[in-house]
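Overview (structure and organization)
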Amino acid sequence: MLLSSRPRLVLVTAAAAALTLTSCTAREETPAAPSNGGGPAASAQSAAPSADGCTLEKTGYPKVDLKTAVVGFSQSEKEANPFRITETQSIRDEAAKLGIASDKLLVTNAQSDLNRQISDIKSMLDRGAQLLVVAPLNSDGLQPALDAAKAKKVPVVTIDRKVTSQPCTDYLTFIGSNFVEQGQRAAQAMAKATGGTGKVAILLGSSGNNVTTDRTKGFKDELAKTPGLTVVAEQTGEFDRSKGQSVMEQLIQSHPDITAVYAENDEMGVGAVNALKTAGKSPGKDVKIVSIDGTRNAVQLIVDGSYNAVIESNPRFGPLAFQTLQKFENGEPIPASIVISDDQYDESNAAQKVGNSYK
């Protein structure tokens, strides 16, 4: 089931000369990378306003001019993962399009350390950040940073992972995918790829965040509708390619009869492909593989016949994140969650859509 037919929110941005932005935090400085992938930006499933949403008036926060404000972006994980690379670059690119000066965009990277992410956010607040976009490392644990932002009346938009704190109280809103639905769609793709029979291994994402929990629930609940498919093993690969490969190597030894793999992100899926090939198996044929993200590596593997399906999780949040902040500053109501539309790749369309993937 493709979601690309859903109505997409029209993103309106002010035209401005593109600027090359670099991080303003010395110890976190990372060079601006070239734009990754030519696919569409993340867009909301529905543009319908939420009358009871969060507003500037409800929060009592001061009105800020987005173009002249100091904006902070907190990235959670090292940018060795295509999703993170593209996500950060999308924030940089949209800031440039809006004419936000390079010294007004603060970009930090917590390197998968929760305490460091809290420190990063507090540091950006101390340096005058008036608006924050945060990609949380975990669903829990960021409350001290959110409290610090609230104390300074700085709105926080979270992207790609939900936090367990309260929207419009501790943060403004969450922008991201319906992760349960992603898992459901992955199970549907698995049923199609396998013909409805097989023994499935699940490569779980990192513990402690809603992405892993929801993608697992969605997949298992939907898979239960296909009694010929059975989950015989599940183990965390931490959303990491090398760990995914290592786990897959172990699973091949302990469960040599595995005929399908569901990886909760593409990096682990690509790692599984490497492990299967080393073991003399033919991924995509002997062992069907379905994952979630939409990276160039995984989509190209579908084209090459070594992979079966990828459910997209679009990381290009920049336009929608800045548009949401602008609406908030304009006094418009902001819903607690803004769910985006995600596409899908399989043997029927991967060759035509590979250009929409990211790397």
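Residues numbered from 1 in each chain as written. Predicted model: local features only at pLDDT ≥ 70, side-chain atom pairs only at ≥ 80, totals over all residues. Heavy atoms only, no water.

1. Thoughts on the overall build of the chain
Going by this rule: Helix numbering and strand numbering both begin at the N terminus, where a helix is a DSSP run of H or I of at least 4 residues and a strand a DSSP run of E of at least 2. Think of it in three bands: residues with accessible area under 20% of the maximum for their type are buried, residues over 50% are exposed, and the middle band is partly exposed, with areas taken using a 1.4 Å probe on protein chains only. Note on definitions: a residue-residue contact is assigned when non-hydrogen atoms from the two residues lie within 4.5 Å. Surface exposure here means Shrake-Rupley accessible area, sampled with a 1.4 Å probe, where a residue is shielded only by the protein chains that are shown.
Looking only at helices and strands, the chain features 11 helices and 12 strands. Buried positions account for 55% of the 359 residues belonging to the chain. Of all intrachain contacts in the chain linking residues separated by at least 6 positions in sequence, the fraction that spans at least 24 positions is 79%. Counting only carbon and sulfur atoms, one obtains 51% of the accessible surface of the chain, whose full area is about 13800 Å².

2. Some points on the nonpolar core
As a reminder of what qualifies: We define a nonpolar core as any set of buried Ala, Val, Leu, Ile, Met, Phe, Trp, Tyr and Cys residues linked to one another through side-chain atoms lying within 4.5 Å. These domain limits were set by an automatic method or by a database of domain assignments.
Ranked by internal contacts, the top residues of the largest apolar core, which has 48 residues, are Leu132 and Met248. Residue assignment for this core shows that the elements contributing at least two residues are α3 (114-126), β3 (131-134), α4 (143-151), β6 (198-204), α7 (241-254), β8 (260-263), α8 (266-278) and α9 (296-304). Counting residues per element, this core draws most heavily on α8, at 6 residues. In this structure, this core is formed jointly by two domains, domain 1 (43-176 + 314-342) and domain 2 (179-312), each of which donates at least three residues. Other than its neighbours up to four places away in sequence, Leu132 contacts Gly72, Ile121, Met124, Leu125, Ala149, Val154, Pro155, Val156 and Val157.

3. With respect to the layout of surface pockets
Where we set the bar: The distinction between a cavity and a pocket rests on a 1 Å grid over the protein atoms alone: a 1.4 Å probe fits inside a cavity but cannot get out, while a pocket stays open yet meets protein on both sides within 12 Å along at least five of seven lines, and a residue with an atom within 4 Å of a point counts as lining. Grid points are joined across faces, edges and corners, and a volume is the space filled by probe spheres set on the points. Three classes are used, and their members are as follows: Ala, Val, Leu, Ile, Met, Phe, Trp, Tyr, Cys and Pro are nonpolar, Asp, Glu, Lys and Arg are charged, and the others, Gly among them, are polar.
Empty space within the largest pocket amounts to approximately 380 Å³. Residue lining of the largest pocket: 18 residues in total, with Glu77, Lys78, Ser112, Glu238 and Asp240 positioned closest to the centre. Class assignment of the residues belonging to the lining of the largest pocket gives a composition of 3 nonpolar, 7 polar and 8 charged. Looking at the lining of the largest pocket, you find at least three residues from each of domain 1 (43-176 + 314-342) and domain 2 (179-312).

4. Regarding the pairing of strand β7 (residues 229-236)
The condition that has to hold: Being paired, for any two strands, means DSSP has found at least two bridges between them. Handedness of a crossover is defined as follows: with both strands directed away from the viewer, a clockwise route from the first strand across the helix to the second makes it right-handed.
Looking at chain direction, β6 and β7 are connected through 7 bridges and run parallel. Within the sheet, the bridge partner assigned to Ala201 lies in β7 and is Ala233. The β-α-β motif built from β6, the intervening helix α6 (residues 210-223) and the parallel element β7 has right-handed crossover chirality.

5. Details of the pairing of strand β5 (residues 173-176)
Side-chain alternation along β5 places Thr173 and Ile175 on one buried face and Phe174 and Gly176 on a second face that is also buried. One ladder, built from 3 bridges, connects strand β4 (residues 156-159) with β5; its direction is parallel. Looking at the pairing, Ile159 lines up with Ile175 of β5. Examined bridge by bridge, β5 and strand β11 (residues 337-339) share 3 bridges and lie parallel to one another. For Ile175, the partnering residue across the bridge sits in β11 and is Ile338.

6. Observations regarding the confidence of the model for the chain
Cut-off, in case you're wondering: The pLDDT value tells you how sure the predictor is about a given residue, anywhere from 0 up to 100.
For the chain, mean pLDDT is 90; residues scoring 70 or higher make up 88% of the total. For residues 1-36, every residue scores under 50 in pLDDT, and the model assigns this stretch 100 contacts once sequence neighbours within four places are set aside.

7. A word on the environment of Leu114
Topologically, Leu114 is positioned in helix α3. For the pair Leu114 and Ser76, spaced 38 residues apart in sequence, the C-alpha to C-alpha distance is 7.9 Å. When near neighbours in sequence (up to four residues on either side) are disregarded, Leu114 contacts Leu137, Asn138, Asp140, Gly141 and Leu142.

8. Details of α9
What counts, and what does not: Here the arc refers to the directions that run from the helix axis out to each C-beta atom.
Within α9 the residues assigned to the buried category are Ala298, Val299, Leu301 and Ile302. For α9, the buried positions fall inside an angular range of 155 degrees around the axis, keeping them on one side. Those residues of α9 that are buried lie in contact with α8, β10 (309-312), β12 (344-346) and α11 (350-353).

9. Quick look at the sheet that holds β3
Rules: To get an axis, fit a line to the C-alpha atoms, keeping to the stretch in contact for a helix; angles then go from 0 to 180 degrees between the N-to-C directions.
Pairing within the open sheet is parallel, and its 6 strands lie in the order β2-β1-β3-β4-β5-β11. Edge positions in the open sheet fall to β2 (105-109) and β11, since each of these has one partner strand only. Each strand axis lies, on average, 15 degrees off the axis of its neighbour in the sheet, ignoring direction.

10. Some remarks on the pattern of salt bridges
In plain terms, the rule: By convention in these notes, a salt bridge is any Lys or Arg side-chain nitrogen within 4 Å of a carboxyl oxygen on Asp or Glu.
In the structure shown here, the tally under the stated rule is 11 salt bridges. Note that Glu234 and Lys220 form a salt bridge whose closest N and O atoms lie 2.7 Å from each other. Of this pair, Glu234 sits in strand β7 while Lys220 sits in helix α6, and the two are 14 residues apart along the sequence. Judged by relative accessible area, Glu234 falls into the partly exposed class, the value being 37%. Taking the relative accessible area as the measure of exposure, Lys220 reaches 33% and is therefore partly exposed. Three or more residues are tied together by salt bridges with common partners; here these are Glu77, Arg84, Glu87, Asp160 and Arg161.

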